[in-house]
Amino acid sequence: MEAINKLKFFIVDDDIFCTNVYKQYLQNSHFDDVTCFANGSDCLENLNENPDIIFLDYNMDDINGFEVLKKIKRYNPDIYIVMISAQESIDTAVEALKYGAFDYMVKDATVCEKMQKVIERILKIKEEIKRANPSTIQRILSMFL
Amino acid sequence: MIEIIYKNLKSTKNKDVAKKPLIYNLNSLYNLSRGNKDFVIRMIQIFINQTNETIIKIEDALQVDNFEEISRLIHKIKPSIEGVGVFHLLNEVKELEKISKMTTDKVAIENLFNTIKEGLLIAIEQLQKNELQ
(Lines give C-alpha, C1' and ligand atoms only; values in the text may rest on other atoms or scores of the structure.)
Protein backbone atom coordinates (compact mmCIF):
# COMPACT_ATOMS: atom_id res chain seq x y z
CA MET A 1 0.00 0.00 0.00
CA GLU A 2 2.91 2.32 0.79
CA ALA A 3 4.28 2.02 -2.75
CA ILE A 4 0.83 2.57 -4.19
CA ASN A 5 0.34 5.75 -2.20
CA LYS A 6 3.65 7.11 -3.45
CA LEU A 7 2.34 7.36 -7.00
CA LYS A 8 2.29 10.88 -8.36
CA PHE A 9 -0.60 11.85 -10.62
CA PHE A 10 -1.17 14.70 -13.03
CA ILE A 11 -4.68 15.41 -14.29
CA VAL A 12 -4.80 17.59 -17.40
CA ASP A 13 -8.22 18.80 -18.49
CA ASP A 14 -9.64 22.24 -19.24
CA ASP A 15 -12.95 21.13 -17.77
CA ILE A 16 -12.75 22.03 -14.09
CA PHE A 17 -15.75 19.81 -13.30
CA CYS A 18 -13.92 16.73 -14.60
CA THR A 19 -10.62 17.52 -12.87
CA ASN A 20 -12.43 17.88 -9.54
CA VAL A 21 -14.24 14.55 -10.03
CA TYR A 22 -11.02 12.68 -10.92
CA LYS A 23 -9.07 14.26 -8.07
CA GLN A 24 -11.75 13.41 -5.52
CA TYR A 25 -11.90 9.83 -6.79
CA LEU A 26 -8.12 9.40 -6.56
CA GLN A 27 -8.07 10.89 -3.08
CA ASN A 28 -10.86 8.53 -2.02
CA SER A 29 -8.55 5.72 -3.19
CA HIS A 30 -5.78 7.16 -0.96
CA PHE A 31 -3.75 8.66 -3.79
CA ASP A 32 -2.92 12.00 -2.25
CA ASP A 33 -0.27 13.28 -4.63
CA VAL A 34 -2.52 14.66 -7.36
CA THR A 35 -1.89 17.85 -9.33
CA CYS A 36 -4.43 19.31 -11.75
CA PHE A 37 -3.66 21.43 -14.79
CA ALA A 38 -6.22 23.29 -16.89
CA ASN A 39 -4.11 23.13 -20.06
CA GLY A 40 -1.36 21.19 -21.77
CA SER A 41 1.25 23.95 -21.52
CA ASP A 42 1.13 24.05 -17.72
CA CYS A 43 1.46 20.27 -17.60
CA LEU A 44 4.52 20.33 -19.88
CA GLU A 45 6.15 23.06 -17.79
CA ASN A 46 5.86 20.88 -14.69
CA LEU A 47 7.12 17.56 -16.02
CA ASN A 48 10.25 18.01 -13.89
CA GLU A 49 8.05 16.95 -10.95
CA ASN A 50 8.22 13.45 -12.47
CA PRO A 51 4.64 12.23 -12.37
CA ASP A 52 4.09 8.48 -12.62
CA ILE A 53 0.70 8.65 -14.30
CA ILE A 54 -0.94 11.42 -16.33
CA PHE A 55 -4.64 11.46 -17.15
CA LEU A 56 -4.74 13.64 -20.24
CA ASP A 57 -7.82 15.06 -21.92
CA TYR A 58 -7.75 14.73 -25.69
CA ASN A 59 -9.84 17.76 -26.58
CA MET A 60 -8.34 20.86 -25.00
CA ASP A 61 -8.45 24.44 -26.16
CA ASP A 62 -4.78 25.40 -26.07
CA ILE A 63 -2.69 22.46 -27.31
CA ASN A 64 -4.28 19.33 -28.76
CA GLY A 65 -3.99 16.32 -26.45
CA PHE A 66 -1.90 14.41 -29.00
CA GLU A 67 0.68 17.20 -29.10
CA VAL A 68 0.93 17.16 -25.31
CA LEU A 69 1.16 13.36 -25.37
CA LYS A 70 4.04 13.41 -27.88
CA LYS A 71 5.93 16.05 -25.90
CA ILE A 72 5.54 14.17 -22.63
CA LYS A 73 6.79 10.96 -24.24
CA ARG A 74 9.77 12.84 -25.69
CA TYR A 75 10.57 14.22 -22.23
CA ASN A 76 10.17 10.91 -20.41
CA PRO A 77 8.94 7.78 -22.19
CA ASP A 78 8.43 6.02 -18.85
CA ILE A 79 5.50 8.19 -17.79
CA TYR A 80 2.20 6.33 -18.13
CA ILE A 81 -0.27 8.49 -20.04
CA VAL A 82 -3.96 7.69 -20.14
CA MET A 83 -5.87 9.61 -22.78
CA ILE A 84 -9.41 10.65 -21.90
CA SER A 85 -12.00 11.79 -24.41
CA ALA A 86 -15.67 12.69 -24.19
CA GLN A 87 -16.18 11.04 -27.57
CA GLU A 88 -15.90 7.38 -28.30
CA SER A 89 -13.75 7.24 -31.42
CA ILE A 90 -11.78 4.27 -32.65
CA ASP A 91 -9.52 6.57 -34.68
CA THR A 92 -8.66 8.70 -31.66
CA ALA A 93 -8.03 5.59 -29.58
CA VAL A 94 -5.72 4.08 -32.21
CA GLU A 95 -3.84 7.36 -32.65
CA ALA A 96 -3.44 7.74 -28.89
CA LEU A 97 -1.94 4.27 -28.57
CA LYS A 98 0.26 4.88 -31.61
CA TYR A 99 1.77 7.96 -29.95
CA GLY A 100 2.52 6.02 -26.79
CA ALA A 101 -0.54 6.37 -24.58
CA PHE A 102 -0.95 3.48 -22.17
CA ASP A 103 -4.71 3.46 -22.59
CA TYR A 104 -7.69 5.43 -23.88
CA MET A 105 -10.84 6.03 -21.86
CA VAL A 106 -14.19 7.57 -22.68
CA LYS A 107 -15.55 10.22 -20.30
CA ASP A 108 -18.81 8.74 -19.15
CA ALA A 109 -20.55 7.76 -15.94
CA THR A 110 -18.08 4.88 -15.41
CA VAL A 111 -14.89 6.85 -16.02
CA CYS A 112 -13.75 6.62 -12.39
CA GLU A 113 -14.09 2.83 -12.30
CA LYS A 114 -12.07 2.71 -15.52
CA MET A 115 -9.38 4.89 -13.91
CA GLN A 116 -9.13 2.43 -11.05
CA LYS A 117 -8.70 -0.51 -13.42
CA VAL A 118 -6.03 1.29 -15.44
CA ILE A 119 -4.12 2.17 -12.26
CA GLU A 120 -4.24 -1.47 -11.17
CA ARG A 121 -2.83 -2.57 -14.53
CA ILE A 122 -0.06 0.04 -14.37
CA LEU A 123 0.85 -1.06 -10.85
CA LYS A 124 1.08 -4.68 -11.99
CA ILE A 125 3.37 -3.69 -14.88
CA LYS A 126 5.54 -1.57 -12.59
CA GLU A 127 5.82 -4.52 -10.22
CA GLU A 128 6.80 -6.87 -13.08
CA ILE A 129 9.43 -4.41 -14.31
CA LYS A 130 10.80 -4.06 -10.80
CA ARG A 131 11.02 -7.83 -10.47
CA ALA A 132 12.71 -8.20 -13.87
CA ASN A 133 15.22 -5.41 -13.19
CA PRO A 134 16.19 -5.54 -9.53
CA SER A 135 17.96 -2.51 -8.11
CA THR A 136 21.74 -2.51 -7.63
CA ILE A 137 21.32 -2.97 -3.87
CA GLN A 138 19.01 -5.93 -4.40
CA ARG A 139 21.52 -7.46 -6.83
CA ILE A 140 24.43 -7.07 -4.37
CA LEU A 141 22.34 -8.52 -1.55
CA SER A 142 21.34 -11.50 -3.68
CA MET A 143 25.03 -12.35 -4.17
CA PHE A 144 25.41 -12.92 -0.42
CA LEU A 145 22.17 -14.81 0.07
CA MET B 1 -44.46 47.53 1.41
CA ILE B 2 -42.00 46.80 -1.39
CA GLU B 3 -40.23 44.35 0.90
CA ILE B 4 -43.51 42.51 1.62
CA ILE B 5 -44.36 42.31 -2.09
CA TYR B 6 -40.81 41.08 -2.85
CA LYS B 7 -40.96 38.41 -0.13
CA ASN B 8 -44.36 37.31 -1.40
CA LEU B 9 -43.13 37.08 -4.97
CA LYS B 10 -40.04 35.20 -3.87
CA SER B 11 -42.00 32.67 -1.83
CA THR B 12 -44.47 32.13 -4.72
CA LYS B 13 -41.52 31.52 -7.05
CA ASN B 14 -39.94 29.11 -4.58
CA LYS B 15 -43.22 27.21 -4.23
CA ASP B 16 -43.36 26.87 -8.03
CA VAL B 17 -39.84 25.46 -8.12
CA ALA B 18 -40.59 23.10 -5.24
CA LYS B 19 -43.72 21.82 -7.00
CA LYS B 20 -41.82 20.67 -10.08
CA PRO B 21 -40.29 17.18 -9.89
CA LEU B 22 -36.53 17.24 -9.47
CA ILE B 23 -34.75 16.98 -12.79
CA TYR B 24 -31.29 16.41 -11.33
CA ASN B 25 -29.78 13.56 -9.35
CA LEU B 26 -26.79 14.11 -7.11
CA ASN B 27 -26.36 10.48 -6.02
CA SER B 28 -23.06 9.95 -7.79
CA LEU B 29 -21.66 13.26 -6.51
CA TYR B 30 -22.72 12.41 -2.95
CA ASN B 31 -21.17 8.94 -3.27
CA LEU B 32 -17.96 10.47 -4.55
CA SER B 33 -17.91 13.10 -1.80
CA ARG B 34 -17.85 10.53 1.03
CA GLY B 35 -19.77 12.96 3.21
CA ASN B 36 -17.86 16.06 2.19
CA LYS B 37 -20.72 18.50 1.60
CA ASP B 38 -18.30 21.27 0.57
CA PHE B 39 -17.22 19.14 -2.40
CA VAL B 40 -20.83 18.70 -3.55
CA ILE B 41 -21.54 22.42 -3.22
CA ARG B 42 -18.35 23.26 -5.12
CA MET B 43 -19.34 20.92 -7.95
CA ILE B 44 -22.85 22.39 -8.15
CA GLN B 45 -21.39 25.88 -8.34
CA ILE B 46 -19.01 24.79 -11.11
CA PHE B 47 -21.95 23.28 -13.02
CA ILE B 48 -24.02 26.46 -12.65
CA ASN B 49 -21.18 28.77 -13.70
CA GLN B 50 -20.14 26.59 -16.65
CA THR B 51 -23.72 26.21 -17.85
CA ASN B 52 -24.59 29.91 -17.60
CA GLU B 53 -21.40 30.88 -19.45
CA THR B 54 -21.95 28.24 -22.13
CA ILE B 55 -25.57 29.26 -22.76
CA ILE B 56 -24.43 32.84 -23.46
CA LYS B 57 -21.60 31.61 -25.72
CA ILE B 58 -23.96 29.33 -27.67
CA GLU B 59 -26.43 32.19 -28.14
CA ASP B 60 -23.58 34.33 -29.48
CA ALA B 61 -22.49 31.52 -31.81
CA LEU B 62 -26.06 31.05 -33.04
CA GLN B 63 -26.28 34.72 -33.97
CA VAL B 64 -23.32 34.39 -36.33
CA ASP B 65 -24.24 30.87 -37.53
CA ASN B 66 -21.07 29.39 -36.05
CA PHE B 67 -22.46 25.86 -35.72
CA GLU B 68 -19.06 24.15 -35.25
CA GLU B 69 -18.56 26.32 -32.18
CA ILE B 70 -21.97 25.28 -30.83
CA SER B 71 -20.96 21.64 -31.21
CA ARG B 72 -17.69 22.29 -29.38
CA LEU B 73 -19.37 24.23 -26.57
CA ILE B 74 -22.12 21.71 -25.91
CA HIS B 75 -19.55 18.90 -26.02
CA LYS B 76 -17.62 20.66 -23.25
CA ILE B 77 -20.50 20.79 -20.77
CA LYS B 78 -21.70 17.23 -21.39
CA PRO B 79 -19.70 15.72 -18.48
CA SER B 80 -21.02 18.25 -15.95
CA ILE B 81 -24.63 17.74 -17.11
CA GLU B 82 -24.13 14.01 -16.56
CA GLY B 83 -22.28 14.71 -13.31
CA VAL B 84 -25.23 16.49 -11.69
CA GLY B 85 -27.55 13.83 -13.06
CA VAL B 86 -29.64 15.80 -15.54
CA PHE B 87 -29.92 12.56 -17.47
CA HIS B 88 -33.11 13.34 -19.40
CA LEU B 89 -31.22 15.99 -21.41
CA LEU B 90 -28.31 13.81 -22.43
CA ASN B 91 -29.81 12.50 -25.65
CA GLU B 92 -30.71 16.03 -26.77
CA VAL B 93 -27.22 17.24 -25.85
CA LYS B 94 -25.62 14.46 -27.92
CA GLU B 95 -27.98 15.21 -30.78
CA LEU B 96 -27.17 18.94 -30.70
CA GLU B 97 -23.46 18.16 -30.67
CA LYS B 98 -23.95 15.93 -33.69
CA ILE B 99 -26.27 18.05 -35.83
CA SER B 100 -24.42 21.30 -35.22
CA LYS B 101 -21.24 19.59 -36.38
CA MET B 102 -22.71 17.84 -39.40
CA THR B 103 -25.43 20.18 -40.66
CA THR B 104 -26.23 23.86 -41.04
CA ASP B 105 -29.93 23.46 -40.24
CA LYS B 106 -30.27 26.54 -38.06
CA VAL B 107 -33.93 25.97 -37.21
CA ALA B 108 -33.32 22.43 -35.95
CA ILE B 109 -30.20 23.52 -34.06
CA GLU B 110 -31.99 26.48 -32.47
CA ASN B 111 -35.03 24.38 -31.47
CA LEU B 112 -32.89 21.71 -29.90
CA PHE B 113 -30.77 24.28 -28.10
CA ASN B 114 -33.88 25.99 -26.71
CA THR B 115 -35.16 22.67 -25.32
CA ILE B 116 -31.79 22.00 -23.68
CA LYS B 117 -31.51 25.56 -22.39
CA GLU B 118 -34.95 25.38 -20.79
CA GLY B 119 -34.08 22.11 -19.06
CA LEU B 120 -30.73 23.41 -17.86
CA LEU B 121 -32.24 26.59 -16.46
CA ILE B 122 -34.82 24.57 -14.51
CA ALA B 123 -32.03 22.36 -13.16
CA ILE B 124 -30.05 25.44 -12.10
CA GLU B 125 -33.11 26.98 -10.43
CA GLN B 126 -33.84 23.76 -8.54
CA LEU B 127 -30.21 23.28 -7.50
CA GLN B 128 -29.97 26.85 -6.24
CA LYS B 129 -33.20 26.53 -4.31
CA ASN B 130 -32.69 23.02 -2.89
CA GLU B 131 -28.95 22.64 -2.48
CA LEU B 132 -27.37 26.06 -2.15
CA GLN B 133 -29.80 27.96 0.10
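Further up the page is the structure itself.
Because the structure is a prediction, the values reported are computed rather than measured.

Basis of the calculations
Residues numbered from 1 in each chain as written. Chains lettered and ligands numbered in written order. Predicted model: local features only at pLDDT ≥ 70, side-chain atom pairs only at ≥ 80, totals over all residues. Heavy atoms only, no water. Helix = DSSP H or I, 4+ residues; strand = E, 2+ residues; numbered from the N terminus. Buried < 20%, exposed > 50% of the residue type's maximum accessible area, 1.4 Å probe, protein only. 1 Å grid on protein atoms, 1.4 Å probe; cavity = no way out; pocket = protein on both sides within 12 Å on 5 of 7 lines; lining within 4 Å. Points joined across faces, edges and corners; volume = space filled by probe spheres on them. Axes fitted to C-alpha atoms, helices over the stretch in contact; angles between N-to-C directions. Parallel < 35°, antiparallel > 145°, perpendicular 65-115°, else oblique. Left-handed = near helix turned anticlockwise from the far one by under 90°. Contact = heavy atoms within 4.5 Å. Nonpolar A, V, L, I, M, F, W, Y, C, P; charged D, E, K, R; others polar.

(A) Spatial organisation of unusual backbone geometry. Positive phi, close to 55 degrees, is recorded for Asn-50 of chain A, a residue that is not glycine. By secondary structure assignment, the location of Asn-50 of chain A is in the loop between helix 3 (40-45) and strand 3 (53-57). Overall, Asn-50 of chain A belongs to the partly exposed group, its relative accessible area being 46%. One non-glycine residue, Asp-65 of chain B, lies in positive phi territory at about 55 degrees. Its place among the elements puts Asp-65 of chain B in the loop between helix 3 (37-63) and helix 4 (67-83).

(B) Looking closely at empty space enclosed by the protein. Summed over the entire model, instances satisfying the criterion amount to one cavity of 30 Å³ or more. The space that makes up the largest cavity amounts to roughly 60 Å³. Taken together, Asp-13, Asp-14, Asp-15, Asp-57, Asn-59, Ala-86 and Lys-107 of chain A together with His-75, Lys-76 and Pro-79 of chain B form the lining of the largest cavity. It is helix 4 of chain B that provides the largest number of residues to the lining of the largest cavity, a total of three residues.

(C) Layout of the packing of helix 5 (residues 90-102) of chain B against helix 6 (residues 106-130) of chain B. Residue and element names in this part refer to chain B. Two elements in contact, helix 5 and helix 6, have axes separated by 10 Å at closest approach and are oriented at 155 degrees. What the angle tells us is that helix 5 and helix 6 run roughly antiparallel. The element helix 5 and its partner helix 6 pack so that their crossing is left-handed. Of helix 6, the residues touching helix 5 (which contributes Glu-92, Val-93, Glu-95, Leu-96, Ile-99 and Ser-100) are Ala-108, Ile-109, Leu-112, Phe-113, Thr-115 and Ile-116. Of the residues that constitute the contact of helix 5 with helix 6, the class distribution is eight nonpolar, two polar and two charged.

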